[in-house]
Amino acid sequence: MNNTEKFKELFSAMQTATDESSETYQQEKRQKKQRIVRNEFALEEKYGLPIIKKQDIDLDCIDLWCWNKAKLNDKDNQHKTIHFFTYDWNFENVYAQPQKALEKLKQYYAVLTPEFSTYKDMPLVLQMYSTFKNRWCGAYWQSQGLKVIPTINWGTHQSYDCCFAGIEKGCVVAVCTYCRENNKEGFLHGYNAMYDAIEPSAIICYGTPFPEMRGNIKAIDPFDREFLIEQLGEEKFNEKLDNGELYPSR
């Protein structure tokens, strides 16, 4: 083989490597762009929220388990449903790194969408962004074959229209009254607006439901009361509960 032929062979090998590298780069670029755009699912028209579809949910199978306790190969708890009623920083990664979180979540009976905060003192656009992340996670998990129950939360009155969008009517939904006992009036105002907008077939309530709440409600106690009373005694348990000194065990 003369020098010209060697040069042609070397150039061809370099070109092939460049082409392969370029294709890999372009694929990575497309994936990174999609992670920014987040428009791969069906979107509702007004706000562009991913739509969470109605699914068959057996309420008798709902036994909540916090995301903080989820782990790979969790054989003892695979019958449970994962919730995110905890601090945002404990679950931000389910949106930032969805494939990694999916490896844990796909083993459980069902999953509630993450309750990204919609504080009333947050700018409205951030309340709306929290709602977008909630819906995107739900749509993504449904696309991967998971049973998904949308968690509905809201902030200011101005947020209601967005916070109740992107959910098919008649869905089973979840709400949280835990730590909202002192805001009964405000909670019920938002709850009633949600109920009228979504017309849920059932509501999973994490915490004690207010008597005025409408609908087919399945209440979930955040605390394993029987265990805690056994450990602390009933008087001490009630004292700690009243003082807000107990952390949910579910």
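In the block above lies the structure referred to throughout.
Bear in mind the structure is a predicted one, so any value in this text is a computation, not a measurement.

On to helix α4 (residues 124-143). For α4, built from 20 residues, the straight-helix expectation of 28 Å at 1.5 Å per residue is met to within 8% by its first-to-last C-alpha distance of 29 Å. For α4, the tally of buried residues reaches 14 of 20 residues, placing the bulk of the element in the interior.

In spatial order, the strands read β5-β6-β7; together these three strands make up an open sheet with parallel pairing. Only two strands of the sheet have a single neighbouring strand rather than two, namely β5 (172-176) and β7 (217-220). On average, each strand axis in the sheet is inclined to that of its neighbour by 20°, with strand direction left out of account. Of the strand pairs in this sheet, strand β6 (residues 202-206) and β7 are connected by four bridges, and their pairing is parallel. In the sheet register, Cys 205 faces β7, and the bridge partner there is Ala 219. Docked against the sheet, helix α6 (residues 184-198) engages β5, β6 and β7, running at close to 170° with respect to β5.

Here we come to the sheet that holds strand β1 (residues 64-66). The four strands are arranged β1-β2-β3-β4 in an open sheet whose pairing can be described as parallel. Pairing within the sheet leaves two strands with one partner each, and these edge strands are β1 and β4 (148-149). Two elements, β1 and strand β2 (residues 81-83), share three bridges in a ladder whose sense is parallel. Across the sheet, residue Leu 64 finds its bridge partner in β2, namely Thr 81.

Most of β5 sits out of view: five of its five residues are buried. Alternating residues of β5 divide into Val 172, Ala 174 and Cys 176 and Val 173 and Val 175, and every residue in both groups is buried. Considered for its hand, the β-α-β crossover made up of β5, α6 and β6 is right-handed.

When charged atoms on two side chains of opposite charge get close, those side chains can pair. Considering all chains together, one arrives at seven salt bridges under this definition. With its nearest N and O atoms 2.8 Å apart, the salt bridge here joins Lys 184 to Glu 212. With Lys 184 in helix α6 and Glu 212 in the loop between β6 and β7, the pair connects residues that are 28 residues apart, well separated along the chain. Classification of Lys 184 as partly exposed rests on a relative accessible area of 32%. In this structure, the salt-bridge partner of Arg 214 is Asp 196, at a minimum N-O distance of 3.0 Å. Highlighted residues: Arg 214 in the loop between β6 and β7 and Asp 196 in helix α6, separated in sequence by 18 residues. Judged by relative accessible area, which is 48%, Asp 196 ranks as partly exposed.

What counts and what doesn't
Residues numbered from 1 in each chain as written. Predicted model: local features only at pLDDT ≥ 70, side-chain atom pairs only at ≥ 80, totals over all residues. Heavy atoms only, no water. Helix = DSSP H or I, 4+ residues; strand = E, 2+ residues; numbered from the N terminus. Expected span 1.5 Å × (residues − 1). Buried < 20%, exposed > 50% of the residue type's maximum accessible area, 1.4 Å probe, protein only. Pairing = 2+ DSSP bridges. Axes fitted to C-alpha atoms, helices over the stretch in contact; angles between N-to-C directions. Contact = heavy atoms within 4.5 Å. Right-handed = clockwise from strand over helix to strand, strands pointing away. Salt bridge = Lys/Arg side-chain N within 4 Å of Asp/Glu carboxyl O.

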